[in-house]
Amino acid sequence: MGRLSVFLVLVGGSVLAALMSGHGFFDTTECINDSCHVQVASAPPGILFGLALFYFLLAYPQRESMVDATRVVGVWRRFGAFYLDFLAVAMMFGPVLVVPHLLAEARITGTFHWAFERDFVRPDDWLYSLVAAFAMLAAWFWYYYRHGRSGRPTFGQYILGYRIVADPAAGKAPEWGARVALAFIGMCVWPISLIFALRKPNKAFWWDAETGTAVVRVAPLEEKP
């Protein structure tokens, strides 16, 4: 399956699901002094698209490719892939993860709605939001770890033409779990990570070398002579 086709499925499907949902999905609580506002929403189109995208993630065929050692994977290409992967994970799991909060509200009010907002906080609001946030972090970890262990590029990596491989010069087996964890930390301090990467000829981030992995550009076989 070509890169453009995968891009259209991911981005086009996300836009279509958002338009059909009307209000998207979110679980937010904002408080200023003693004034609080709670908003929670999901929708069947978003959940159905998330399930379809999850199946697509497991099943779509990627074109065979070969390493192109003549080109470097720039940092902006990696940031672009990160954004596409962030969108993919959010669309797959986000609409489902807010449903428990909707069910809890329905249990109290006696009526289920796909969206609600109110100007006060219930004692367990923070718990549902916290569980959803940690579940999303776990989903991101699983997503990157699964792709790393399988040697299969993520959505973003495949679309932007690179992949993560074991670094033969590292002298050790790649540490895929540690790589994901360190990458999360590195993204939290992304300006520092970016500065160090830009100073290197291969534009690698520090967590690449630390975990025995390397980033390489690839090209579909038909693009190579």
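Everything below is about the structure shown above.
Residues numbered from 1 in each chain as written. Predicted model: local features only at pLDDT ≥ 70, side-chain atom pairs only at ≥ 80, totals over all residues. Heavy atoms only, no water.

Asker: How would you summarise the sheet that holds strand 4 (residues 115-118) if you had to cite specific residues and measurements?
Answerer: Picture the strands of a sheet paired through backbone hydrogen bonds; they go either parallel or antiparallel. In space, the 3 strands of this open sheet follow the order 1-2-4, with antiparallel pairing throughout. Looking along the sheet, the strands with just one partner apiece sit at the ends: strand 1 (26-32) and strand 4. The average undirected angle you get between the axes of adjacent strands in this sheet is 5°. As paired elements, strand 1 and strand 2 (residues 35-41) share 7 bridges and run antiparallel to each other. Residue pairing for strand 2: Asp-27 is matched across the bridge by Val-40. Along the sheet, helix 4 (residues 99-109) contacts strand 1, strand 2 and strand 4; its crossing angle with strand 4, the most-contacted strand, is approximately 65°. (Pairing = 2+ DSSP bridges. Helix = DSSP H or I, 4+ residues; strand = E, 2+ residues; numbered from the N terminus. Axes fitted to C-alpha atoms, helices over the stretch in contact; angles between N-to-C directions. Contact = heavy atoms within 4.5 Å.)

Asker: Outline unusual backbone geometry, supporting the account with residue identities and numerical values.
Answerer: Backbone geometry at Asn-33 places phi at a positive 60°, although glycine is not the residue there. With respect to the helices and strands, the residue Asn-33 is situated in the loop between strand 1 and strand 2. In this model, Lys-203 sits at a positive phi of 60°, which is unusual for a non-glycine residue. Checked against the element boundaries, Lys-203 lands in the loop between helix 8 (190-198) and helix 9 (206-210). Residue Lys-203 is classed as partly exposed on the basis of its relative accessible area of 24%. (Buried < 20%, exposed > 50% of the residue type's maximum accessible area, 1.4 Å probe, protein only.)

Asker: Provide a residue-level description of the sheet that holds strand 5 (residues 162-166), including the pertinent values.
Answerer: If you trace the 3 strands from one edge of the open sheet to the other, you get 3-6-5, paired in antiparallel fashion. Only two strands of the sheet have a single neighbouring strand rather than two, namely strand 3 (65-67) and strand 5. Mean inter-strand twist for the sheet, computed between neighbouring axes without regard to direction, equals 45°. Taken together, the 3 bridges between strand 3 and strand 6 (residues 213-220) define a ladder with antiparallel strand orientation.

Asker: Can you lay out the packing of helix 5 (residues 125-150) against helix 7 (residues 176-188) for me, pointing to particular residues and giving the numbers?
Answerer: Two numbers describe how helix 5 lies on helix 7: the axes approach to 9 Å, and their chain directions differ by 135°. Between helix 5 and helix 7, the crossing angle belongs to the class labelled oblique. Crossing handedness for the pair helix 5 and helix 7: right-handed. Along the contact surface, helix 5 presents Leu-137, Trp-140, Phe-141, Tyr-144, Tyr-145, Gly-148 and Arg-149, while helix 7 presents Trp-176, Gly-177, Val-180, Ala-181 and Phe-184. Among the residues making up the contact of helix 5 with helix 7, the classes are represented as 9 nonpolar, 2 polar and 1 charged. (Parallel < 35°, antiparallel > 145°, perpendicular 65-115°, else oblique. Left-handed = near helix turned anticlockwise from the far one by under 90°. Nonpolar A, V, L, I, M, F, W, Y, C, P; charged D, E, K, R; others polar.)

Asker: For the pattern of salt bridges, give the residues involved together with the corresponding values.
Answerer: All chains considered together, the criterion is met by 7 salt bridges. Of the charged contacts in the structure, one is a salt bridge between Arg-179 and Asp-208, with a shortest N-O distance of 2.5 Å. Here Arg-179 is found in helix 7, whereas its partner Asp-208 is found in helix 9, with 29 residues between them in sequence. For the pair formed by Arg-179 and Asp-208, the shared burial category is buried. Shared partners join several salt bridges into a network, and the residues in it are Glu-105, Arg-118, Arg-122 and Asp-125. (Salt bridge = Lys/Arg side-chain N within 4 Å of Asp/Glu carboxyl O.)

Asker: Describe the pairing of strand 4, and please don't skip the residues or the numbers.
Answerer: What you see with strand 4 is a clean split: Phe-116 and Arg-118 sit on the buried side and Ala-115 and Glu-117 on the side with no burial. Strand direction decides the pairing type here: strand 2 and strand 4, joined by 4 bridges, are antiparallel. Paired with Ala-41 across the bridge in strand 4 is Ala-115.

Asker: Provide a residue-level description of the nonpolar core, including the pertinent values.
Answerer: Membership of the largest hydrophobic core comes to 23 residues, with the highest contact counts inside it found for Val-6, Leu-10, Leu-53, Val-89, Tyr-143 and Phe-155. Where this core is concerned, the elements lending two or more residues are helix 1 (3-21), helix 2 (44-59), helix 3 (75-97), helix 5 and helix 6 (155-160). In terms of residues, this core owes the most to one element, helix 3, which gives 6 residues. Leave out the neighbours within four places in its chain, and Tyr-143 touches Leu-57, Asp-85, Ala-88, Val-89, Met-92, Thr-154 and Phe-155. Core analysis: the next-biggest nonpolar cluster, separate from the first, contains 7 residues, Phe-79, Ala-183, Leu-194 and Trp-207 among them. (Core = buried A, V, L, I, M, F, W, Y, C linked by side-chain atoms within 4.5 Å.)

These values are about where atoms sit, not about what they do.
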